[in-house]
Amino acid sequence: MSKSLRLIIMPTEQCNFRCQYCYESFKFGKMSLEMQDAIINFVRKNIYKYTEVHLDWYGGEPLLAFDVIQYISENVLKICKCAKKPLITSVTTNGYFLTLDVYKKLQSYNLVNIQVTIDGLKKTHDRQRVLADGKPTYDVILNNLLEIKNKTKSGIAKIIIRTNVTKDIFNNFTDYIDFYYNCFGDDKRFSFLIRPEGEWGGEAVHQIEEQLMNKNAFSQVYTKIIQKNKLNLSFYENYFEPAGSICYAGIRNSFIIRANGKINKCTCDLDSEINDIGKLLPNGDMELDINKHAKWICLKERSECFNCNFFGSCVSSNCPMKMLGPKEFYTCGYEKVYLIPTLIMLSRSGIIKEWGQIMLTKKYKIKSWRTINLYLGEGCVCCSGYFCGCM
């Protein structure tokens, strides 16, 4: 990991959406050609230090500046080929401009995954994720994904459909599972990432505060997923790999390059003082505040984590921003908080069945795998969830 270079690039910080919970300020516009060349120069100067290069496109909405993505990708790809180092790319997009032609072009840059957010079915999505002028977005996104599915059959790229669950989405979650299984269940390139809608910063989210789910309420989402056992959940397996749950912000050679050349570590709270660690100069040199940078990658050890079976995955670095923020608190990742239902979910899907069974029966002293299956219908008999420990 330390020998890989990861650049999370914001080709623009503008967005064509105005999602109800968005934390971004859309502060800067499209990246200048001078800054694009600075990124290319940085890679050219430093490629010898690394075994591989990752370019992750983020925003704003990155596909609003698709020409920037093309220009940087094509030049970095040439550099990597000359240095005989692999280039790996990914995109986080709202999916509105993810046409078939755009997808095919992205594939030519060694695309490994695309994350697209669809918040439930049409009614809830078009309430939570609208265009800047308030118009709906659901039909365009779904049609883009279906066209990609139906007209491309090759390539290694995985398409991750993320859903930020609110109470309204949960109320129709069984229908959600059935609908998307019918759309994408026969194509293993499509997997799902289910998260609770949360307060990630900014003021916009306060308009839907009553829709946010607490920890115990969100556990019932797992119950419904387990009951239906239809969605492709293979993306979750990544979180259980060694260091698989470490946030990119806690990795030494991971940098966010904003549209104006500022260097950050975290994509949330972009204008936080602790998050501003330097700038990229036109000649390709990265001017860093080494003391600030060190705080992100040399976090305080938490002795209470050492005996946790999940420690090898997160190494107490699940969310450096929260540890460095004004409240200085630590929070475990979703896969640790919901460890038992996640393992059951993955086991039922056939992804980590043997390992999940061992971990559940030994670590959590569940009497047998059959005991777990008894509760899969409605969750635990006393709390309809997985948190009371009565199993």
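Now for a quick tour of the structure. No experiment lies behind these values; they were computed from the predicted model shown.

So, how was this worked out
Residues numbered from 1 in each chain as written. Predicted model: local features only at pLDDT ≥ 70, side-chain atom pairs only at ≥ 80, totals over all residues. Heavy atoms only, no water. Helix = DSSP H or I, 4+ residues; strand = E, 2+ residues; numbered from the N terminus. Buried < 20%, exposed > 50% of the residue type's maximum accessible area, 1.4 Å probe, protein only. Lys, Arg positive; Asp, Glu negative; His and termini not counted. Salt bridge = Lys/Arg side-chain N within 4 Å of Asp/Glu carboxyl O. Polar contact = N/O pair within 3.5 Å; in protein donor to acceptor, adjacent residues only side chain to side chain. Right-handed = clockwise from strand over helix to strand, strands pointing away. Pairing = 2+ DSSP bridges. Axes fitted to C-alpha atoms, helices over the stretch in contact; angles between N-to-C directions. Contact = heavy atoms within 4.5 Å.

## Considering the side chain of R162
Logical step 1: Topologically, R162 is positioned in strand β5 (residues 158-165).
Logical step 2: Within the buried set, R162 has no salt-bridge partner at all; the shortest N-O distance to an opposite charge, 6.7 Å, is to E197.
Logical step 3: A polar side-chain atom of R162 sits 2.9 Å from a polar atom in the side chain of N164.

## Things to note about the pairing of strand β4 (residues 111-117)
Logical step 1: Along β4, five of the seven residues are buried, which leaves the element largely enclosed by surrounding structure.
Logical step 2: Handedness of the β-α-β unit built from strand β3 (residues 87-93), helix α3 (residues 100-107) and β4 comes out right-handed.
Logical step 3: Where β4 lies against β5, five bridges are found, and the strand directions are parallel. Counted as the bridge partner of N113 is K158 from β5.

## Some details on helix α13 (residues 339-348)
Logical step 1: Taking burial as the measure, the 10 residues of α13 include nine buried ones, the bulk of the element.
Logical step 2: Of all the positions in α13, only L339, I340, P341, T342, L343, I344, M345, L346 and S347 are classed as buried.

## Concerning the sheet that holds strand β10 (residues 286-288)
Logical step 1: The strand order β6-β5-β4-β3-β2-β1-β7-β8-β9-β10 describes an open sheet built from 10 strands, whose pairing is mixed. Two strands close off the open sheet at either side, each with one partner strand: β6 (190-196) and β10. The sheet shows a mean angle of 25° between the axes of neighbouring strands, direction not considered.
Logical step 2: Sheet topology note: the strand β8 (residues 262-264)/strand β9 (residues 276-280) ladder contains three bridges and is antiparallel. Among the inter-strand pairings, N264 is bridged to a residue of β9, identified as D276.
Logical step 3: Against the sheet, helix α1 (residues 33-46) contacts β1 (4-9), β7 (254-257), β9 and β10, and its axis sits at roughly 175° relative to β1.

## A look at the pattern of salt bridges
Logical step 1: Going through the model one piece at a time under the given rule, you end up with 21 salt bridges.
Logical step 2: Across the pair D178 and K228 runs a salt bridge whose closest N-O atoms are separated by 3.0 Å. Here the residue D178 occupies a position in helix α7 (residues 173-184), and K228 occupies one in helix α8 (residues 215-228), the gap between them amounting to 50 residues.
Logical step 3: Residue class for K228 comes out partly exposed when judged on its relative accessible area of 27%.
Logical step 4: In this structure, a network of salt bridges that share partners links the residues E13, K27, R258 and D271.

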